[in-house]
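Residue-level listing of the chains:
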Amino acid sequence: MTNPQHTFRVAKFGGTSVANYSAICAAVANVKSQNQPILVVVSACAGVTDRLVMLANESDNVESILSEIVHRHTEIADELSRLNRAGAVEKQLALDDLHDRLRQHVARRPTPHDASFVAWRDQLLSFGECCSSLLFSWAWEAKTEQPSAVLEAKTWLFTDSRYGRARPQLKAMIEKAPQWLKTLEPGRLYVTQGFIGKNERGQTTTLGRGGSDYSAALLAVVVQAQELQIWTDVAGVYSTDPRLCSDAFAIAEMSFDEAAEMATFGAKVLHPASLLPAIEYQIPVFVGHAAYPARGGTRLVKNSTHKPDVRAVAVRKQQTLMTVHSIDMFHASGFLAQLFSIFAKYDISVDLITTSEVSIALTLDEGGSQANHAVSVPAAAIAEIELFAKVELEYNLTLIALIGNQIGRQSQLSQWVFDAVAPTPVRLICQGASEFNLCFLIPERDTIDVVTRLHARIKR
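Computed from a predicted model, the values in this text were never measured in an experiment. Think of each chain on its own: its residues are numbered from 1, step by step along the sequence as written. Owing to the predicted nature of the model, reporting of local features is limited to residues with pLDDT of at least 70; listing and counting of side-chain atom pairs is limited to 80 or more, with chain, interface and lining totals taken over all residues. Side-chain measures were taken over the full set of non-hydrogen atoms in the model, leaving aside hydrogen atoms and water.

Colleague: Any chance you could explain the overall build of the protein here in plain terms?
Modeller: A helix here means a DSSP run of H or I that spans at least four residues, while a strand means a run of E at least two residues long, and both kinds are numbered starting from the N terminus. Secondary structure assignment for the protein yields 14 helices and 16 strands. Taking 460 residues into account, the globule formula puts the C-alpha radius of gyration at 23 Å, and the protein, at 23 Å, falls close to it. Between buried and exposed lies partly exposed: a residue is buried under 20% and exposed over 50% of the maximum accessible area for its type, with that area taken using a 1.4 Å probe on protein chains only. Counting across all 460 residues of the protein, residues that qualify as buried make up 54%. When contacts within the protein are restricted to residue pairs at least 6 apart in sequence, long-range pairs at least 24 apart make up 77% of them. Reported accessibility uses the Shrake-Rupley method at a 1.4 Å probe radius. Residues are deemed covered only where the shown protein chains occlude them. A total accessible area of about 20700 Å² is found for the protein, and carbon and sulfur atoms account for 49% of it. Separation between the mean location of the 43 positive side-chain charges and that of the 48 negative ones in the protein comes to 4 Å. Atoms counted for the radius of gyration: C-alpha only. Globule rule: 2.2 Å times the number of residues to the power 0.38. It only takes one pair of heavy atoms within 4.5 Å for two residues to be counted as in contact. Charged residues are defined narrowly, with Lys and Arg counted positive, Asp and Glu counted negative, and His plus the chain ends left uncounted. The location of each charge is read from NZ of Lys, CZ of Arg, CG of Asp or CD of Glu.

Structure below.
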């Protein structure tokens with residue numbers, strides 16, 4: 001591991017935290033109040049990435065969508081120009097240049113069947129973060145009268161060429177860190193983009209939706225940060241989704257293991273992969289409200305002093321249950337290998353699995369596409385599986401995960417859980433692979449009732 005020139009904290013601000021002029025100013029005030037070296041990572045302004053995805057997916061209404069994106073950024077820029085006329089011309093020209101390049105890039109749109117489409121799409125999606133990082137840097141100078149600069153993410157975030165879901169090359173990132181760290185000027189705030197990087201050919205790649213958290217965690221590892229801060233629109237990680245249960249409360253402290261389970265099983269505050277670098281390198285993580293940091297938040301640590309049997313109820317909707325039946329499974333070897341080779345071939349991600357003598361049931365997350373639409377199981381994959389087994393698919397399910405400690409060793413836990421769930425039917429149960437969760441599937445229509453009954457048993 002390298003020894004960085006400066007001691008940083010890394011602060012990541014999500015889309016809602018840079019959504020408009022007032023939100024960006026609140027984020028700037030947050031960073032200013034900390035009065036220490038901070039590297040800022042930003043997402044695109046809320047809603048911008050969705051519109052960029054629309055540009056990638058359709059050829060109609062292109063001018064209208066482009067106008068919406070430009071208008072969102074221009075509204076913020078106009079307010080900033082009134083604050084800092086001295087630097088406004090240069091910043092406005094840089095923003096105009098980004099918008100011009102966006103238009104030119106859209107005009108070069110290949111067909112979706114063209115081999116170059118995926119690379120073109122990643123380049124398209126990167127414009128959101130490029131614009132928001134410029135606006136944040138501009139806001140910092142306008143509000144604080146202190147110098148700032150945009151640190152291009154492609155300077156430090158190296159990935160493979162798996163467009164749309166690129167895998168970071170952390171070893172290479174750590175090796176190259178001393179070079180670009182030496183170029184950073186003390187006293188200047190640097191703002192970089194989340195979500196995007198570059199491959200070995202210098203082409204733009206993206207980490208997938210939610211990848212800004214992951215980017216921030218990777219940057220924290222690369223610079224050996226004192227702390228990783230995830231600033232969002234809620235004051236920490238909640239005991240369950242507040243939109244489903246009005247009694248949900250912020251958790252003051254939780255372990256990395258618990259938080260990783262929360263992220264994996266539906267906590268929207270954290271991207272599922274974002275914690276992994278922090279866990280491995282034991283970097284403390286704080287999750288708080290970007291505009292109201294005084295409200296506190298959730299501190300994630302290696303070991304929490306308080307370890308309740310159930311810490312939280314995580315929820316993930318839009319789940320599909322796939323059941324594969326075959327008499328050939330009975331006392332046979334190689335069946336699962338054959339099945340999962342097909343999943344690997346079609347890049348199908350499997351979550352929970354249970355098996356019997358002649359069938360296997362597993363869950364697929366249908367809500368994880370970049371356009372926030374359900375991802376259907378490829379027909380070609382189903383056809384291959386049906387050559388040797390019968391396939392049944394059940395949609396519109398919700399995955400409920402109880403997150404806690406030593407869950408499999410709590411003698412009374414199963415009883416009160418399923419007493420609370422009844423009379424809702426449970427379609428699948430999975431427990432034992434981890435001591436930090438108990439998971440099951442229920443019909444999506446029963447989600448709120450079940451979550452409310454389960455959460456009533458959780459103590460602050």
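Back to the text.
Colleague: Would you take a moment to explain the side chain of R311 for this structure?
Modeller: Mapped onto the fold, R311 is located in strand β11 (residues 310-325). What makes R311 buried here is its relative accessible area of 6%. A polar contact of 3.0 Å, which involves the side chain of R311, links it to the side chain of E258. Engagement of the side chain of R311 in a polar contact is seen with the backbone oxygen of H306, the distance being 2.6 Å. Any pair of N or O atoms that falls within 3.5 Å is considered a polar contact. Within protein, one atom must be able to donate a hydrogen and the other to accept it, and sequence-neighbouring residues count only if both atoms are side-chain atoms.

Colleague: Would you explain the sheet that holds strand β10 (residues 297-301) in this entry?
Modeller: The eight strands are arranged β3-β4-β2-β1-β7-β9-β10-β8 in an open sheet whose pairing can be described as mixed. The outermost strands of the open sheet, each flanked by one partner alone, are β3 (148-151) and β8 (253-255). Here the strands of the sheet are splayed against their neighbours by 25° on average, with no regard to which way each runs. Relative to strand β9 (residues 285-289), strand β7 (residues 228-232) is paired through five bridges, and the arrangement is parallel. Following the sheet pairing, T232 is matched in β9 by H289. With axes taken as lines fitted to C-alpha atoms, and helix axes fitted only over the stretch in contact, angles between N-to-C directions fall between 0 and 180 degrees. Across the sheet, helix α6 (residues 127-144) is in contact with β1 (9-13), β2 (38-42), β3 and β4 (189-193); its angle to β4 comes to roughly 165°. On top of the sheet, helix α9 (residues 256-264) reaches β8, β9 and β10; it is set at about 90° to β8, its chief contact. We treat two strands as partners when DSSP finds at least two bridges between them.

Colleague: I'm lost on the pattern of salt bridges in this one. Help?
Modeller: Pairing is possible between side chains that carry opposite charge, provided their charged atoms lie close to one another. By definition, a salt bridge exists where a carboxyl oxygen of Asp or Glu is found within 4 Å of a side-chain nitrogen of Lys or Arg. Applying the stated criterion across every chain, the model contains 19 salt bridges. The closest approach of N and O atoms between R103 and D100, which form a salt bridge, is 3.6 Å. Of this pair, R103 and D100 both sit in helix α4 (residues 85-107), three residues apart, which is roughly one turn of that helix. Residue R103 is classed as partly exposed on the basis of its relative accessible area, which comes to 35%. Notably, a salt bridge pairs D241 with R243, separated by 2.9 Å at the nearest N-O pair. Within the structure, one salt-bridge network assembled from shared partners comprises R9, E227 and R299.

Colleague: Help me out: how do you make sense of the nonpolar core in this one?
Modeller: For soluble globular proteins, the rule of thumb is that nonpolar side chains tend to be buried together. Judged by nonpolar contacts, the single largest core of 112 residues is most densely connected at V10, F13, F136, W180 and V223. Tallying contributions element by element places α6 first for this core, with ten residues. We define the nonpolar core as a collection of buried residues of types Ala, Val, Leu, Ile, Met, Phe, Trp, Tyr and Cys that are connected through side-chain atoms lying within 4.5 Å of one another. By size, the runner-up hydrophobic cluster in this structure holds 21 residues, among which are F249, V310, L438 and V450.

Colleague: Is there a simple way to think about the packing of helix α1 (residues 21-34) against α6 in this case?
Modeller: A pair of packed helices is captured by two measures, namely the crossing angle of their axes and the spacing between those axes. Contact geometry for α1 and α6: axes closest at 9 Å, N-to-C directions at 65°. With respect to α6, the element α1 is oriented roughly perpendicular. Of the two possible hands of crossing, α1 and α6 adopt the one that is right-handed. On the side of α1, the interface is formed by Y21, I24, C25, A27, V28, V31 and K32, while α6 contributes L135, F136, A139, W140, K143 and T144. Three categories are distinguished: nonpolar for Ala, Val, Leu, Ile, Met, Phe, Trp, Tyr, Cys and Pro, charged for Asp, Glu, Lys and Arg, and polar for the others, with Gly belonging to the last. When its residues are assigned to classes, the contact of α1 with α6 shows ten nonpolar, one polar and two charged. Each angle is binned into one of four classes, with values under 35 degrees roughly parallel, values over 145 roughly antiparallel, values of 65 to 115 roughly perpendicular, and all other values oblique. It is the rotation of the near helix from the far one that decides the hand of a crossing: anticlockwise by less than a right angle makes it left-handed, clockwise makes it right-handed.

Colleague: Hey, could you run me through the sheet that holds strand β16 (residues 437-443) in this one?
Modeller: In any sheet, the strands associate via hydrogen bonds between backbone groups, in a parallel or an antiparallel arrangement. Taken in spatial order, the six strands make up an open sheet running β12-β13-β11-β14-β16-β15, and their pairing is antiparallel. At either margin of the open sheet sits one strand with a lone partner, and together these are β12 (350-355) and β15 (428-431). Neighbour-to-neighbour, the strand axes of the sheet open up by a mean angle of 30°, direction not taken into account. Pairing of β12 with strand β13 (residues 359-365), which is carried by four bridges, proceeds in the antiparallel orientation. For V350, the partnering residue across the bridge sits in β13 and is L364. Of the strands in this sheet, β11, β12 and β13 touch helix α11 (residues 335-345), which is tilted by about 20° from β13. Strands in contact with helix α13 (residues 413-421) are β11, β14 (390-404), β15 and β16; relative to β16, the strand with the most contacts, it is inclined by about 20°.

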